[in-house]
Amino acid sequence: MRVKPRGPKQPRGSNKAVTTPKMAKTELSAEEIVKLLEGRETVDSYDLSQEFNKDHQQIIGAIKSLSSLGDVIVTEQRQFEQWVLTDEGSEVVRGGSHEARVYHAVDPQHGSLQADIMKSVPNAKIGFSKAMSGGWLSIDKKAEGGPRLHRKVKTIEDTVQALLMKIGKEEVASDQLKEFKKRKLINNDVIKCLIVRKGRDFTTQIAKQDVNLTPEMIQSGSWKDKSFKEYNFDALGVPPSTGHLHPLLKVRTEIRKIFLEMGFTEMPTNNFIESSFWNFDALFQPQQHPARDAHDTFFIKDPPSSRDFPTDYLERVKKTHESGGYGSIGYQYDWKLEEAQKNILRTHTTAVSARMLYKIGQQEKFTPVKYFSIDRVFRNETLDATHLAEFHQIEGVVADYNLTLGDLIGVLNAFFRKMGITQLRFKPAYNPYTEPSMEVFSYHEGLKKWVEVGNSGVFRPEMLLPMGLPEDVTVIAWGLSLERPTMIKYGISNIRELVGHKVNLEMVHNNPLCRLDA
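Residues numbered from 1 in each chain as written. Predicted model: local features only at pLDDT ≥ 70, side-chain atom pairs only at ≥ 80, totals over all residues. Heavy atoms only, no water.

## With respect to the overall build of the protein
When helices and strands are tallied, the protein shows 19 helices and 15 strands. Computed over C-alpha atoms, the radius of gyration of the protein comes to 38 Å, more than 25% over the 24 Å expected from 2.2 N^0.38 for 518 residues, which places it beyond the range of a compact globule. Out of the 518 residues in the protein, the part that is buried amounts to 42%. Put simply, of all contacts in the protein between residues at least 6 apart along the chain, 70% involve residues at least 24 apart. A total accessible area of about 29,700 Å² is found for the protein, and carbon and sulfur atoms account for 50% of it. Where the 70 positive side-chain charges of the protein centre and where its 67 negative ones centre are 6 Å apart. (Helix = DSSP H or I, 4+ residues; strand = E, 2+ residues; numbered from the N terminus. Rg over C-alpha atoms; globule rule 2.2 N^0.38 Å. Buried < 20%, exposed > 50% of the residue type's maximum accessible area, 1.4 Å probe, protein only. Contact = heavy atoms within 4.5 Å. Areas by Shrake-Rupley, 256 points an atom, 1.4 Å probe, with all protein chains shown as cover. Lys, Arg positive; Asp, Glu negative; His and termini not counted. Charge placed at Lys NZ, Arg CZ, Asp CG, Glu CD.)

Structure representation (structure tokens):
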């Protein structure tokens with residue numbers, strides 16, 4: 001424990017007036033500090049706070065204001081460790097230890113039900129345990145109504161409260177300190193204080209230095225009798241507060257750069273609201289598919305539907321769904337226009353890819369293309385550590401002559417390698433609009449398991465040929481969320497800590513720039 005210094009000598013302070021403003025009664029003024037220093041060799045800011053029962057930080061502020069006056073005082077910073085009460089420890093000092101509270105709550109004649117004590121006394125669980133181990137209470141487990149507590153001794157001495165009252169004032173045995181720390185009643189804090197000595201220009205006449213030379217001072221000549229604060233040319237000033245990029249935006253920027261390096265063109269993705277036709281029907285997804293149910297998709301009430309569709313293309317899509325074509329028998333059901341007209345929050349950016357591929361199909365001569373998009377999509381998902389109802393989808397599309405599944409795997413390996421993800425697994429999957437289809441998995445070091453990071457496949461002829469694309473043109477595509485690669489990159493195990501009200505702003509501030517290891 002730190003030993004307190006002897007009391008101060010009586011200062012010989014000056015009777016002259018000072019120009020500093022009057023301080024509040026609860027504070028120790030700069031004038032009072034120099035008067036105390038006049039009668040001593042040094043003063044300690046922390047000792048002053050204890051001696052006069054003042055706020056330590058206020059005294060530090062007053063000392064620093066004196067330091068700005070030149071060589072009036074000289075300061076030296078020191079630090080030491082000291083035991084201080086926690087909030088729980090302060091509560092024990094005020095109202096008694098947990099075990100004492102439990103003891104006093106027990107009826108001295110008839111005892112009390114354990115359940116009642118547990119409900120009525122704060123921190124009763126630890127209090128009961130300590131009271132039992134101290135031999136203060138006994139328990140009758142066979143009593144009517146449940147276990148009943150009885151006082152085992154007539155009186156108790158609350159040594160915990162008594163010892164905590166000594167913290168910071170008197171010496172307390174080390175084993176007791178360890179026990180109190182284990183019970184989180186005290187903490188070992190580092191106290192930073194200032195040791196103050198007289199400077200070369202020490203005086204008890206404290207005059208506030210002027211900062212600005214005003215026209216009025218020059219006109220009246222009063223500047224000659226004033227003391228001006230020296231200008232600090234080395235001061236850096238207060239750094240301007242700035243915003244910080246969210247980890248999602250950092251990773252998005254890097255992935256966008258990867259696509260551009262690979263020769264892809266970005267697709268326009270400004271339609272969050274999409275018709276079911278472009279989101280589902282154009283992708284050869286049947287109208288009775290579970291993904292088109294309200295449990296999986298958010299439907300729009302106003303406006304509820306769209307009506308502006310390419311007529312010829314609409315008829316070809318309808319025919320393909322009902323009776324097939326292009327080597328397919330279709331889904332053999334009555335396709336309904338009103339179902340296709342329903343407006344939704346798009347469930348994937350593949351709806352954007354469908355619009356772009358249809359646009360290419362209307363060209364007189366087909367030209368191979370590579371497209372990508374990164375934007376928001378919406379699904380009526382159950383929230384958990386890896387799923388949100390609103391997230392970002394990254395999509396890549398390559399349209400060229402005679403592409404194969406091998407081309408898709410090669411492009412995926414190159415793409416993910418540029419992202420720094422080399423541990424990949426491919427699993428056969430089913431998609432209504434791709435055949436063959438593959439799910440892409442990557443090993444997540446944080447979760448210690450394989451996590452799905454994307455889906456991929458070769459677009460079906462039933463989707464491409466109604467758009468007007470040539471028969472020998474193949475389109476490979478893949479999609480992944482932006483959130484999962486970000487979680488892998490930054491070691492985040494719960495997606496709800498990345499997006500939403502649980503986001504730690506310090507995490508956004510402190511995380512480094514994203515550099516995907518190519």
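## With respect to the packing of helix α1 (residues 30-38) against helix α3 (residues 56-67)
Packing of α1 against α3 brings their axes to within 9 Å, and their N-to-C directions diverge by 80°. Considering their axes alone, α1 and α3 lie roughly perpendicular with respect to each other. Contacts from Ala30, Ile33 and Val34 of α1 reach α3 at Ile59, Ala62, Ile63, Ser65 and Leu66. Split by residue class, the contact of α1 with α3 holds 7 nonpolar, 1 polar and no charged. (Axes fitted to C-alpha atoms, helices over the stretch in contact; angles between N-to-C directions. Parallel < 35°, antiparallel > 145°, perpendicular 65-115°, else oblique. Nonpolar A, V, L, I, M, F, W, Y, C, P; charged D, E, K, R; others polar.)

## Digging into the confidence of the model for the protein
Low pLDDT means the predicted coordinates in that region are not meant to be read closely. With 92% of its residues at a pLDDT of 70 or more, the protein has an overall mean of 84. Across residues 1-25 the pLDDT falls below 50, and counting only partners more than four positions away or on other chains, this stretch makes 37 contacts in the model. (pLDDT = per-residue confidence, 0-100.)

## Some points on unusual backbone geometry
Cis peptide bonds are those with omega within 30 degrees of zero, and the linkage from aspartate 302 to proline 303 qualifies with 0°. In this fold, proline 303 is placed in the loop between α12 (276-279) and α13 (311-322). Cis peptide bonds are those with omega within 30 degrees of zero, and the linkage from glutamate 435 to proline 436 qualifies with 0°. Inspection of the secondary structure puts proline 436 in strand β13 (residues 434-444).

## Notes on helix α11 (residues 247-261)
Taking 1.5 Å per residue as the helical rise, α11 with its 15 residues ought to reach 21 Å, and the 21 Å between its terminal C-alpha atoms agrees with that figure. Within the sequence span of α11, burial applies to Pro247, Leu248, Lys250, Val251, Glu254, Ile255, Ile258 and Phe259. A positive backbone phi angle near 85° is found at glycine 263, which sits one or two residues after α11. (Expected span 1.5 Å × (residues − 1).)

## Quick look at the packing of aromatic side chains
By the definition in use, this model includes 21 aromatic pairs. When the ring of tyrosine 103 is compared with that of tryptophan 136, the centres are 6.1 Å apart and the planes differ by 75°; the resulting orientation is edge-to-face. Of this pair, tyrosine 103 sits in helix α5 (residues 98-105) while tryptophan 136 is found in the loop between α7 (124-133) and β4 (137-140), placing the two residues 33 residues apart along the sequence. Taken together, the aromatic side chains of Phe259, Phe264, Phe372, Phe415, Phe416 and Trp478 make up a single cluster linked through ring pairs. Over the face of the ring belonging to tyrosine 103 we find arginine 151, whose NZ or CZ atom lies 4.5 Å from the ring centre. The ring of phenylalanine 202 carries lysine 198 above its face, with NZ or CZ at 5.8 Å from the centroid. (Phe/Tyr/Trp six-rings, centres within 6.5 Å; stacked < 30°, edge-to-face > 60°. Lys NZ or Arg CZ within 6 Å of the ring centre and 35° of its normal.)

## Quick look at the pattern of salt bridges
Two side chains bearing opposite charge may form a pair once their charged atoms approach each other closely. This model, assessed by the stated rule, comprises 19 salt bridges. Its salt-bridge partner being arginine 200, residue aspartate 71 comes within 2.5 Å of it at the nearest N-O pair. Of this pair, aspartate 71 sits in the loop between α3 and β2 (73-85) while arginine 200 sits in the loop between β6 (186-198) and α10 (215-220), placing them 129 residues apart in sequence. On the basis of relative accessibility, which here comes to 71%, the residue arginine 200 falls in the exposed class. Note that arginine 197 is salt-bridged to glutamate 76, the shortest N-O span being 3.1 Å. (Salt bridge = Lys/Arg side-chain N within 4 Å of Asp/Glu carboxyl O.)

## Things to note about the pairing of strand β5 (residues 148-151)
Of the pairings in the sheet, the one linking strand β3 (residues 112-113) to β5 comprises 2 bridges and is antiparallel in character. When the sheet's bridge partners are listed, serine 112 is paired in β5 with leucine 149. Note that β4 and β5 share 4 bridges and pair antiparallel. Paired with serine 138 across the strands is histidine 150, a residue of β5. (Pairing = 2+ DSSP bridges.)

## Examining the sheet that holds strand β12 (residues 424-431)
Spatial ordering of the open sheet is given by β7-β10-β11-β15-β14-β13-β12, a layout of 7 strands whose pairing is mixed. Two strands bound the open sheet, and with one partner strand each, they are β7 (265-266) and β12. Taken together, the 2 bridges between β7 and strand β10 (residues 369-378) define a ladder with parallel strand orientation. Considered in β10, the bridge of threonine 265 is made with tyrosine 371. Running over the sheet, helix α18 (residues 483-490) touches β11 (390-401), β13, β14 (449-459) and β15 (473-481) and is turned about 55° from β15.

## Section: helix α16 (residues 405-418)
Over its 14 residues, α16 runs 20 Å from end to end, which matches the ideal 20 Å to within 8%, given 1.5 Å per residue. Here α16 has its buried residues at Leu408, Leu412, Phe415 and Phe416. One face of α16 carries all of its buried residues, which in axial projection span an arc of 90°. Against the buried residues of α16 lie α11, β11, β12, β13, β14 and β15. Within two residues after α16, glycine 420 carries a phi angle of roughly 85°, on the positive side. (Arc of directions from axis to C-beta.)

## What about the environment of valine 43?
Looking at where valine 43 falls in the secondary structure, it is placed in strand β1 (residues 42-44). By relative accessible area, valine 43 is classed as buried at 3%. Ignoring anything within four residues of it in the chain, the contact list for valine 43 reads Leu36, Leu37, Leu48, Leu194, Ile195 and Val196.

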